[in-house]
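Here are the chains, one letter per residue:
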Amino acid sequence: MESYDLVVIGGGSAGLKAARLAAQMGKHVAVAEARETGGECFWAGCVPTKALLRAAQVWKQVTQTAPYGIHVTVDRADFAEAMAYKARKMREVGGNGPPDAGLSKWGAAFFPEYASFEEPHKIRVGKKVIHAEQVLIATGTVPAIPPISGLKEAGFITNREAVMLTSLPKRLAVIGAGPIGLEFALLFRRFGAEVTVLERLPQVLPREDVEIAERVAASMQQEGIRLILSAHVECVERCNGSKCLHLSSPSGVEKIACDEILVAAGRWPAVGELNLEAAGLAIERNALPVDAYLRTRVPSIWAAGDVTGSPLFTHVASYAGGVMVRNAFANANEPVDYSVTPRCTYIDPEVASVGLTEQEALAAGLKIRVSRYDYADLDRAVLSNAPEGLVKLIVEEASGRILGGHIFGEHASSVIAEIAVCMRNHLPIQAITQTMHAYPSFPEAIEAAAAQF
Ligand SMILES: Cc1cc2nc3c(=O)[nH]c(=O)nc-3n(C[C@H](O)[C@H](O)[C@H](O)COP(=O)(O)OP(=O)(O)OC[C@H]3O[C@@H](n4cnc5c(N)ncnc54)[C@H](O)[C@@H]3O)c2cc1C
Ligand SMILES: NC(=O)c1ccc[n+]([C@@H]2O[C@H](COP(=O)([O-])OP(=O)(O)OC[C@H]3O[C@@H](n4cnc5c(N)ncnc54)[C@H](O)[C@@H]3O)[C@@H](O)[C@H]2O)c1
């Protein structure tokens, strides 16, 4: 039986990072990947959606040039051609590399197969069973499908199908107003679809600060997206060639007819094929449980990335893959620390945050001060005709420690890095005010918010 120092199950952000690092350390590594290396991020997540959102942003910009004295006649936005743009950009980002994502270069073995446990350290990959000294489970997540009566029968799509569509659904209903739901809602709306978003909670982006989420909701509505909050979708049925959702919300009971339903209602750990029981493991509370060092409760079996219920981001998964290898092979004894994780939602303008929201800080009993700075007061935003936005800083009153930063506005995903650097390095709020910021620039909004302390 072939034997490896490390068998990685799942060739996404967490698995590939771990496999490369372990192989570079001279370990004998094998990776099993059921679909294609790159994982959800490359094939159906970050990469395709950001290319498509860029196309949608350019389309809006070219239709609104008159304020700049530029008078152009634009014809139409072709959804299928935008999809082709996305495919080209994916090839550029992916580098047209080999299916093993260059693992063989590092001496790692690659099995393009589903992996499943036979025993804790014996893993079936296709027809073979291989032995693993250490195992990393990095299988990510699959879309969670809410148990709504008639949904399966009526048919729906998830992010995986949405990034592959070649024609635009005329009327789209989106279930869930998390990052996936909102990014797709904006994208399809800008290309001309009639979009309704149904969210069961009273807030869009429920993990974001309430004030930021309210601004986002207003901005989505201005785009022409219909938002129904505190919505309860009772059932779905086929009606007159359409799909009809029956729902109740604070405004009453109604029926929404659409051509397609996009389910973006959260994620579920991808363990369907793994035969976890044979390893002595089980899912608990929507995740594969690990300790702070990424060990599962079975010796020498580790897990990293989305499957563990860590914040569901590529940069987190990749970081965790690195921590796992250092703990398994370098005795690093390094606990994971997700406390300074930048989170971005790439609507337009963007949302970005790091650390605690005002509501979380108050719930934790912390004595805080909150400062806000509006993009409408920021010279660069005004000059760029992008006055929609808000920066919010949450600071511990006594120490000046930055607890959280929240931005809704142009370039938020880039501007948030300054706050993350301060927080990660325990720099107080004064570190921002004592640093010159270029005039006029978007990071000046952070400086102005910090100056209020
Ligand atoms: C629409 C969308 C947009 C997103 N946008 C962003 C973004 O802009 N920025 C960001 O940071 N994050 C984004 N994310 C989240 C990001 O995609 C994930 O956090 C990231 O992919 C997690 O990496 P992972 O390695 O844990 O899992 P995955 O990327 O899911 O990789 C797991 C891999 O394991 C394989 N696998 C599963 N079971 C088995 C098995 N039994 N045997 C072999 N292989 C198996 C799968 O095929 C998959 O390739 C987005 C997600 C979605 C869905
Ligand atoms: N830009 C990014 O970095 C990016 C983009 C997309 C996704 N992601 C990651 O992927 C993760 C998953 O995203 P997501 O948006 O699917 O999940 P989510 O958990 O963030 O949001 C799902 C939303 O669906 C709602 N919901 C669930 N069941 C419902 C129902 N029956 N009816 C109505 N609403 C319902 C939830 O209340 C929630 O607001 C995110 O947490 C994020 O970390 C990141």
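Here is what the cut-offs are and how they apply
Residues numbered from 1 in each chain as written. Chains lettered and ligands numbered in written order. Predicted model: local features only at pLDDT ≥ 70, side-chain atom pairs only at ≥ 80, totals over all residues. Heavy atoms only, no water. Disulfide = S-S within 2.5 Å. Buried < 20%, exposed > 50% of the residue type's maximum accessible area, 1.4 Å probe, protein only. Near = heavy atom within 4 Å. Polar contact = N/O pair within 3.5 Å; in protein donor to acceptor, adjacent residues only side chain to side chain. Areas by Shrake-Rupley, 256 points an atom, 1.4 Å probe, with all protein chains shown as cover. Helix = DSSP H or I, 4+ residues; strand = E, 2+ residues; numbered from the N terminus. Nonpolar A, V, L, I, M, F, W, Y, C, P; charged D, E, K, R; others polar. Domains from an automatic or database assignment. Axes fitted to C-alpha atoms, helices over the stretch in contact; angles between N-to-C directions. Parallel < 35°, antiparallel > 145°, perpendicular 65-115°, else oblique. Left-handed = near helix turned anticlockwise from the far one by under 90°. Contact = heavy atoms within 4.5 Å. Core = buried A, V, L, I, M, F, W, Y, C linked by side-chain atoms within 4.5 Å. Salt bridge = Lys/Arg side-chain N within 4 Å of Asp/Glu carboxyl O.

**Student:** What's the story with the state of the cysteines in this structure? I'm lost.
**Tutor:** Simply put, disulfide is the name for a covalent bond between the sulfur atoms of two cysteines. The final tally for this structure, using the stated rule, is two disulfides. A disulfide bridge connects Cys239 with Cys244, and the sulfur atoms are separated by 1.7 Å. Residues Cys239 and Cys244 are joined through a disulfide that is right-handed, its torsion about the S-S bond being 65 degrees. The buried category is assigned to Cys239, whose relative accessible area is 13%. Since its relative accessible area comes to 1%, Cys244 is described here as buried.

**Student:** Would you mind showing me how to read the site of ligand 2 here?
**Tutor:** Lining the immediate environment of ligand 2, one finds 24 residues, of which Glu183, Glu199, Arg207, Leu312 and Cys344 sit closest. Glu183 places a side-chain nitrogen or oxygen 2.9 Å from a nitrogen atom of ligand 2. A distance of 3.2 Å is found between an oxygen atom of ligand 2 and a backbone nitrogen or oxygen belonging to Gly266. Coverage of ligand 2 by the protein amounts to 86% of the 850 Å² it exposes when considered alone. Mapped by element, the contributors of at least two residues to the shell around ligand 2 are helix H7 (179–190) and strand E17 (343–345). No other element matches H7, which puts three residues into the shell around ligand 2.

**Student:** What is the right way to look at the site of ligand 1 in this model?
**Tutor:** As a structural note, the neighbourhood of ligand 1 is formed by 38 residues, with Glu33, Lys50, Ala115, Asp306 and Thr314 the closest of them. In the environment of ligand 1, an oxygen atom lies 2.9 Å from a nitrogen or oxygen atom belonging to the backbone of Glu40. A distance of 2.9 Å separates an oxygen atom of ligand 1 from a polar atom in the backbone of Asp306. Relative to its unbound accessible surface of 1,000 Å², ligand 1 loses 94% to contact with the protein. Top contributing element to the shell around ligand 1 by residue count: helix H2 (residues 39–44), with four residues. Of the residues contributing to the shell around ligand 1, the split by class is 17 nonpolar, 13 polar and eight charged. When residues of the shell around ligand 1 are assigned to domains, at least three map to each of domain 1 (3–142 + 268–330) and domain 2 (151–265).

**Student:** I tried to follow the packing of helix H3 (residues 46–62) against H7 on my own but got confused; where do I start?
**Tutor:** When two helices pack together, their arrangement is given by the angle between their axes and by how far apart the axes lie. Closest axis-to-axis distance for the H3/H7 pair is 9 Å, and the angle between their directions is 40 degrees. The pairing of H3 with H7 is recorded here as oblique in orientation. For the element pair H3 and H7, the recorded crossing hand is left-handed. Contacts between H3 and H7 involve Thr49, Lys50, Leu52, Leu53, Ala56, Gln57, Trp59 and Lys60 from the former and Glu183, Phe184, Leu187 and Arg190 from the latter. Residues of the contact of H3 with H7, tallied by class, amount to six nonpolar, two polar and four charged.

**Student:** Help me understand the nonpolar core, please; the structure alone is not making it clear to me.
**Tutor:** Considering soluble globular proteins, one finds that nonpolar side chains tend to be buried as a cluster. Core analysis: the biggest nonpolar cluster contains 39 residues, and Phe188, Val195, Val204 and Val216 have the highest contact counts within it. Breaking this core down by element, the ones donating at least two residues are H3, helix H4 (79–94), strand E8 (171–175), H7, strand E9 (194–198) and helix H8 (210–222). Per element, the largest residue contribution to this core is six residues, and it comes from H7. With sequence-adjacent residues up to four places away left out, Val216 is seen in contact with Leu182, Val204, Leu205, Ile347, Val351 and Phe408. One finds Ile402, Ala420, Phe442 and Ala445 within the second-largest nonpolar core, a separate group that totals 27 residues.

**Student:** Explanation requested: the domain arrangement of the protein in the structure shown.
**Tutor:** You'll often see interface size given as the accessible area lost when the parts meet. Each assigned domain of the protein is listed here: domain 1 (3–142 + 268–330), domain 2 (151–265) and domain 3 (349–451). Here the C-alpha centroids of domain 1 and domain 3 sit 31 Å apart.

**Student:** Would you mind going over the pattern of salt bridges with me for this structure?
**Tutor:** For the coordinates displayed, the defined rule picks out 27 salt bridges. With a shortest N-O distance of 3.7 Å, Glu119 and Lys122 are connected by a salt bridge. Owing to a relative accessible area of 39%, Glu119 belongs among the partly exposed residues under this scheme. In this structure, the salt-bridge partner of Glu396 is Arg401, at a minimum N-O distance of 3.2 Å. Overall, the relative accessible area of 19% leaves Glu396 in the buried class. A residue is classified by how much of its surface remains accessible, and Arg401, at 43% relative accessible area, is partly exposed.

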